[in-house]
Amino acid sequence: MLAFAPLPPRSCRLDPTILDRVPLAIVFAATLAIALGAIVAGFLRGRHDRRKKGDDDEGPVGAVVTATSGLLAFMVAMTFAGAASRIDLRKGQLLDEVNAIGTAYLRAALVAEPQRSEVRGLLREYVALRASEVPAHDRAARAQALLRVVGESERIHRALWSQAEAISRATEPTEYEAMLVDSLGEVVERHNSRAAAILHYRVAPAIWYFLLFAMVLAMAAMGYDFGLSKSRHERVAVVLALTTAAVITLVADLDRPGAGTVNVSQAPMRELQRQIEAMPD
């Protein structure tokens, strides 16, 4: 039964957390600048072609704009849905971990000393650790806090499993002792699942690259269509770029567990801590 330990990224290019280093305001500004730049480039090319060829029929330009816009909308929708679903996944995993710890704490009361006091003391320490606040906006402080939480969690896991081994080595473990061992194993497993979801279940870099490529392609096609048209569409183009940049920034926010503005509340873990502290030893 091994505790989860985050693996170091092999390179920045393949690290799904590389975008976490960039503030969301810069993500929005950069995305907006790229979108507007693509629109302006397409618009200038379209206006050049209109002046050169005259007011000819636009031909397949409208179909191309529709296709690229649809592809961009599909990619954004799928990426957003994936990031939002992982929020729900982390909520469920938090509740599962809370339930596993609470069950183990209750079952520890059914075994004899010294395991009873040792296990309960370790679980109280573990809940306090898991309920502690991690800085959300200071990246360096957050990284140090996460390393501390992971390291301390692994230490407590080893101590808990030592107690489980002591129980298992007993001549005839009771039914309650066997149930406690199962609960302690589940506590470790729930931690592993939560850590994997937070550290590794992210939007893949390849998806971000393709999303950026689809946005540039769609914005350039729309700008080209605007350039071919006689009417003015500057305001529409700005609104379109703003909307696209805002949605992509929201996806980036959802893909930052604990570091963005949309996070999973630790209230269930803090409530468990309150309940445990109120229980008699």
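Core analysis: the biggest nonpolar cluster contains 31 residues, and Leu72, Trp208, Leu211, Met215 and Met219 have the highest contact counts within it. Elements represented by at least two residues in this core include exactly α1 (24-53), α2 (61-108), α6 (205-228) and α7 (234-254). What Met219 contacts, discounting residues up to four positions off in sequence, is Ala35, Ala38, Ile39, Leu72, Leu240 and Thr244.

Our next topic: the packing of helix α3 (residues 115-130) against helix α8 (residues 267-278). The contact between α3 and α8 brings their axes to 9 Å, and the two run at 150 degrees. Considering the angle they form, α3 stands roughly antiparallel to α8. As for the relative orientation of α3 and α8, their crossing is left-handed in sense. Contact residues: α3 offers Arg124, Val127, Ala128 and Arg130, while α8 offers Met269, Leu272, Gln273 and Ile276.

The α-helix winds at 3.6 residues per turn, so residues separated by three or four positions along the chain end up facing the same way. Between the first and last C-alpha of α3 there are 22 Å, a value that for 16 residues agrees with the 22 Å anticipated at 1.5 Å per step. Of all the positions in α3, only Gln115, Arg116, Val119, Arg120, Leu122, Leu123, Tyr126, Val127, Leu129 and Arg130 are classed as buried.

Attention now moves to the pattern of salt bridges. Counted according to the given criterion, the structure contains eleven salt bridges. A salt bridge links Glu125 to Arg155; the nearest nitrogen and oxygen atoms lie 2.3 Å apart. With Glu125 in helix α3 and Arg155 in helix α4 (residues 139-168), this residue pair connects regions lying 30 residues apart in the sequence. A relative accessible area of 35% places Glu125 in the partly exposed class. As a salt-bridge pair, Glu152 and Arg155 come within 2.9 Å of each other at their nearest N and O atoms. Taken together, the positions of Glu152 and Arg155, both in helix α4 and three residues apart, correspond to about one turn of that helix. You can call Arg155 partly exposed: its relative accessible area is 31%. Each of Arg86, Arg202 and Asp255 takes part in salt bridges that share partners, so that together they form one network.

Moving on to the environment of Ala30. Mapped onto the elements, Ala30 comes out in helix α1. Separated by 219 residues in the primary sequence, Ala30 and Thr249 have C-alpha atoms spaced 9.9 Å apart.

Let us now look at the side chain of Glu177. Of note, Glu177 is situated in helix α5 (residues 175-199). Of the side chains with opposite charge, Arg116 lies nearest to the buried Glu177, which makes no salt bridge, at 11 Å. Looking at Glu177, its side chain comes within polar contact range of the main-chain nitrogen of Thr174, at 2.9 Å. Contact partners of Glu177, with chain neighbours within four places excluded, come to Val111, Ile167 and Glu172.

Under the counting rule described, the total for this entry stands at one aromatic pair. Relative to Phe213, the ring of Phe210 has its centre 6.3 Å away and its plane inclined at 45 degrees; by these criteria the two rings are tilted. Of this pair, Phe210 and Phe213 are both found in helix α6, three residues apart, which corresponds to roughly one turn of the helix.

Averaged over the protein, the pLDDT score is 83; the fraction of residues at 70 or greater is 86%. The weakest mean pLDDT in the protein belongs to α4 at 84; the strongest belongs to α3 at 92. Counting contacts from residues 1-14, a segment whose pLDDT is below 50, to residues more than four positions away or on other chains yields 28 contacts.

The next point concerns α8. Taking 1.5 Å as the rise per residue, α8 with twelve residues should run 16 Å; its terminal C-alpha atoms sit 17 Å apart, in good agreement. For α8, the elements touching its buried residues are α2, α3 and α5.

Turning our eyes to something else, we now look at the packing of α2 against α8. Put simply, α2 and α8 touch, their axes get as near as 9 Å, and they point 15 degrees apart. As the angle between them shows, α2 and α8 are arranged roughly parallel. By crossing handedness, the relation of α2 to α8 is classed as right-handed. The residues of α8 that touch α2, namely those facing Leu94, Leu95, Glu97, Val98, Ile101, Gly102 and Tyr105, are Pro268, Met269, Leu272 and Ile276. Here the contact of α2 with α8 is built from residues that sort into nine nonpolar, one polar and one charged.

Parameters and conventions
Residues numbered from 1 in each chain as written. Predicted model: local features only at pLDDT ≥ 70, side-chain atom pairs only at ≥ 80, totals over all residues. Heavy atoms only, no water. Core = buried A, V, L, I, M, F, W, Y, C linked by side-chain atoms within 4.5 Å. Buried < 20%, exposed > 50% of the residue type's maximum accessible area, 1.4 Å probe, protein only. Helix = DSSP H or I, 4+ residues; strand = E, 2+ residues; numbered from the N terminus. Contact = heavy atoms within 4.5 Å. Axes fitted to C-alpha atoms, helices over the stretch in contact; angles between N-to-C directions. Parallel < 35°, antiparallel > 145°, perpendicular 65-115°, else oblique. Left-handed = near helix turned anticlockwise from the far one by under 90°. Expected span 1.5 Å × (residues − 1). Salt bridge = Lys/Arg side-chain N within 4 Å of Asp/Glu carboxyl O. Lys, Arg positive; Asp, Glu negative; His and termini not counted. Polar contact = N/O pair within 3.5 Å; in protein donor to acceptor, adjacent residues only side chain to side chain. Phe/Tyr/Trp six-rings, centres within 6.5 Å; stacked < 30°, edge-to-face > 60°. pLDDT = per-residue confidence, 0-100. Nonpolar A, V, L, I, M, F, W, Y, C, P; charged D, E, K, R; others polar.

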